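So you can see what is in the structure, the chains are spelled out below.
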Amino acid sequence: MRRTISTAVGVAAAACLVAPAAISGAAAGDDQALTPAQQQALDLGIQVAPKGSADATQGLAKGAVTPNPWLANMKDVTDADYFTWNKRMHDAADQRAGSAKLSANRKAAASVLPPAFVHDEEEPAGSAGSNDSTGNAEPITGFGTAAAKNPRVRILGELADLAGEAPTAITTEEDQGSITLATDTGIDGSGAVTTTSVLGDGPHGSITGDGSNDFDFYKVTVAAGQSILADTEGTPTGLDTILAVYDAEGTPLAADDDGGTGTLSNLAYTPEAPGDYYVLVAGFDFFGPLPNDPFDSGSGNGLADEGDYALAISVQQVDHDFYSVRLRPGDTIGGVANGVANGLTITTPSGEERVGGVGTDASSLYPPTSPLPGGGNTTVAYVAEEAGWYAIEVSGAVGSYDVTVEGYRPGTQGDRGRRQTVLLDFAPGRVNSATWGGTGVVNVTPFASFVPLWGIARTDARKVENRIINQVRANLQAEIAGTNTAVNVDVLNARGNEDLIGQENVSRIYVAGTVAETGINTIGIAQYIDPGNFGHQDEAIVLLDSLSEPAGSAYSLNSYITAASDKIKFVSQAVANVTAHEVGHTIGNYHTDNANDVHNMMDSGGANFGQNLYGVGPDGVGGTADDENIEFVVDTYSPVEGFTHEEDTENVTSWAYAGR
């Protein structure tokens, strides 16, 4: 899992969900609040759940599974085992890509569209500089979704070895656990070193010290335009390493967890300015693996992984390769990186960096009807916002790469302009919770049974349902001003529209049930994440026991209800937003960062539900005049899901329901 705060290159793996260290309002101090060390880890893309815990029973219901956090609106981020789920998704993506049972859409593409053409990199092998920026990206003129263009291309190229010097072996000596005590690598401008050392010795390890955690810092001096590369490959099996880069003021700029082999680390970072930087080696610790004060070697959180490790650090020029393709608004493209490539980034014609992929392949979450490709080191998907030439950056290790890019018009445009319907089902009776990893076909409690738990008369349940439907309809129609101006979707109550259930172009969102009934430890979960909306019968569920439990948790609506609240207004608004969040997944949106200042309908779960998803205003009370209308907007991807830069969730949503 790698996260960079500034421009970065190279390899990494992934994971999801961010939450602030504390929340305001009635729920402050709840058990979902994170320590500053945990929040820092999440901001840098490092999970705060024990690795391998995804199969453990968690939460309120005995035996309830912890679901895939890319799909789920998690109650508690410390339950989210992104490491394990990332591995599972890669395995499933490889199976999907290699399956003889191709989806109908991919079969159609294979039979109707021409075979992918090959674009060979024009930059001479072993060199750099001719296609290393958006400004000099190599145009691939034959690619496109318009007539006479081929929407599938295979890009073959090479990332050159630009290292100028052979590495020098150095030795270490404790205490090197802070920036002021860092081992000087001798790298001045550029250069390379290797070393072996130990996590756990010194005055703060568990071997000979106080057990607060042993940290090893290494100083490098970086010239302008040079990148810092570090890895712990060669470390004996069993140690789970963390790598991070700090500036001289003690700010962490980039980190990697599991970007190398297994649980080893591989980090690449390009500083914005020359100067002194510090590479940290630490052991994984779900309480927070980084020092609370990088100038104090005894400021760790305890219980980190320990053992012998091997480290390689170099400061050098790094080869990036850029290609450009011409897209139309609404074009949905998928990119897959293989060979040495482990990073893909898409930049708009106006220079906005949109999706970047760093070691995540979530293509197994596409519905079977999606034609988008997957099965690689990294897979990204993007819905174009404007017409023009888009840059695709390829990054990774030294050697040859093979990148596939495919583009399609949004799925609803292939349905001859038929409107899609989103059915909200408040009283489904029986639900097959296995759709989302639950126990199977179960009876679920209807929405009306939960209404009194918010202090609302049960006789007002239909009124609340109608307000929820109207709000979700506004979220998907009136409040969407993306580049598609012809949004084509209906939002209806399943009650009275039973004849639509199971029909083509009808998705169904259940707003009913509990964790105990379904066996899924979440607030909400979607069946798929579907960029381009190629599947029109997706299902999602919003569970209501957590939302209606007594005040005290960040996710309970009762934590934000006081005598000043308009309860019907607030409950309708909050449940509608959770519902729209799940709909957002089914039409292609990933989670966004809930720890920044942008409140987005796709903000991930964790401790900040009130402000980010429910729309509670500055007074910390729901259903008052300062409540915020949460919408789909441009926001940063959730740091630990393995995607970087910004996601335009409004644009993704607008094109999901495109007419002809």
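Draft legend 1. How the structure looks around the pairing of strand β8 (residues 191–199). Pairing of strand β6 (residues 168–169) with β8 involves two bridges; the strand directions are parallel. Bridging from a neighbouring strand, T168 pairs with V193 of β8. Relative to strand β15 (residues 307–316), β8 runs antiparallel, the two being bridged by nine bridges. Among the inter-strand pairings, L199 is bridged to a residue of β15, identified as G307.

Draft legend 2. Quick look at the pattern of salt bridges. All chains considered together, the criterion is met by 12 salt bridges. For K463, the salt bridge goes to D460, with nearest N and O atoms at 4.0 Å. For D460, a relative accessible area of 21% gives the class partly exposed. Salt bridges sharing partners connect three or more residues here, namely K51, D240, D257 and D258.

Draft legend 3. A look at the environment of E628. Position of E628 among the secondary structure elements: in the loop between α7 (609–614) and β28 (634–636). E628 gets classed as partly exposed once you look at its relative accessible area, which sits at 30%. Excluding residues within four positions of it along the chain, E628 makes contact with Q573, H599, Q611 and G615.

Draft legend 4. How the structure looks around the nonpolar core. With 76 residues, the main nonpolar core has W70 and V403 as its most contacted residues. With seven residues, the top contributor of residues to this core is strand β20 (residues 388–408). Core analysis: the next-biggest nonpolar cluster, separate from the first, contains 52 residues, I468, I523, V542 and M602 among them.

Draft legend 5. Quick peek at the confidence of the model for the protein chain. Averaged over every residue, the pLDDT of the protein chain is 91; the share at 70 or more is 91%. For the stretch residues 1–31, pLDDT sits under 50, and the model shows 159 contacts to residues farther than four places along the chain or on other chains. In this model residues 57–62 is a low-confidence stretch, pLDDT under 50, and it forms 14 contacts with partners more than four residues away in sequence or in other chains.

Draft legend 6. Region of the structure containing the packing of aromatic side chains. With the rule as written, the count across this model stands at 13 aromatic pairs. Pairing Y560 with F570 gives two aromatic rings, centres 6.4 Å apart and planes at 65 degrees, and the pair type is edge-to-face. Of this pair, Y560 sits in the loop between β27 (539–542) and α6 (567–586) while F570 sits in helix α6, and the two are 10 residues apart along the sequence. Of the two residues examined, Y560 and F570, each falls in the buried class. Feature note: the residues Y555, Y560, F570, F609 and Y614 constitute an aromatic cluster, connected by ring pairs. When the ring centre of F284 is taken as origin, the NZ or CZ atom of K51, which lies over that ring, is 4.3 Å away. Directly above the ring of W655 sits R409, whose terminal nitrogen or CZ lies 5.4 Å from the centroid.

Draft legend 7. The arrangement of the sheet that holds β8 in detail. The five strands are arranged β6-β8-β15-β10-β13 in an open sheet whose pairing can be described as mixed. With partners counted over all chains shown, the strands left at the sheet margins are β6 and β13 (266–269), one partner each.

Draft legend 8. A look at the packing of helix α4 (residues 461–476) against α6. For the pair α4 and α6, the least separation of the axes is 8 Å and the interaxial angle reads 45 degrees. Considered as vectors, α4 and α6 are oriented oblique to each other. Note on packing geometry: the crossing formed by α4 with α6 is right-handed. Taking contact as the criterion, the partners of K463, V464, R467, I468, Q471, V472, N475 and L476 in α4 are, on α6, I568, K569, V571, S572, V575, A576, N577, T579, A580 and V583. Split by residue class, the contact of α4 with α6 holds 10 nonpolar, five polar and three charged.

Draft legend 9. Looking closely at the environment of L547. Checked against the element boundaries, L547 lands in the loop between β27 and α6. Distance in space between the C-alpha atoms of L547 and K75 is 9.8 Å, their sequence separation being 472 residues. In this view, L547 contacts W454, I523, V542, Y555, S556, L557, N558, V575 and Y614; residues no more than four positions away in its chain are not counted.

Draft legend 10. The arrangement of the sheet that holds strand β24 (residues 489–493) in detail. Strand order in the open sheet formed by six strands is β2-β26-β27-β25-β21-β24, and the pairing between neighbours is mixed. Across the chains shown, the open sheet's two edge strands, defined by having one partner strand only, are β2 (72–73) and β24. Relative to β27, strand β26 (residues 524–526) is paired through three bridges, and the arrangement is antiparallel. By the bridge assignment for β27, G524 is matched with V542. Helix-sheet contacts for α4 involve β21 (420–425) and β24, and the interaxial angle to β24 is about 170 degrees. On top of the sheet, α6 reaches β2, β21, β25 (506–511), β26 and β27; it is set at about 155 degrees to β27, its chief contact.

Draft legend 11. Unusual backbone geometry, seen in detail. Across the junction of E174 and D175, the peptide omega takes the value 5 degrees, indicating a cis bond. Position of D175 among the secondary structure elements: in the loop between β6 and β7 (183–189). Positive phi, normally seen in glycine, also occurs at D258, with a value near 75 degrees. Looking at where D258 falls in the secondary structure, it is placed in the loop between β12 (252–257) and β13. Its identity is not glycine, yet N505 carries a phi of approximately 70 degrees, on the positive side. Relative to the elements of secondary structure, N505 occurs in the loop between β24 and β25.

What counts, and at which threshold
- Residues numbered from 1 in each chain as written.
- Predicted model: local features only at pLDDT ≥ 70, side-chain atom pairs only at ≥ 80, totals over all residues.
- Heavy atoms only, no water.
- Pairing = 2+ DSSP bridges.
- Helix = DSSP H or I, 4+ residues; strand = E, 2+ residues; numbered from the N terminus.
- Salt bridge = Lys/Arg side-chain N within 4 Å of Asp/Glu carboxyl O.
- Buried < 20%, exposed > 50% of the residue type's maximum accessible area, 1.4 Å probe, protein only.
- Contact = heavy atoms within 4.5 Å.
- Core = buried A, V, L, I, M, F, W, Y, C linked by side-chain atoms within 4.5 Å.
- pLDDT = per-residue confidence, 0-100.
- Phe/Tyr/Trp six-rings, centres within 6.5 Å; stacked < 30°, edge-to-face > 60°.
- Lys NZ or Arg CZ within 6 Å of the ring centre and 35° of its normal.
- Axes fitted to C-alpha atoms, helices over the stretch in contact; angles between N-to-C directions.
- Parallel < 35°, antiparallel > 145°, perpendicular 65-115°, else oblique.
- Left-handed = near helix turned anticlockwise from the far one by under 90°.
- Nonpolar A, V, L, I, M, F, W, Y, C, P; charged D, E, K, R; others polar.

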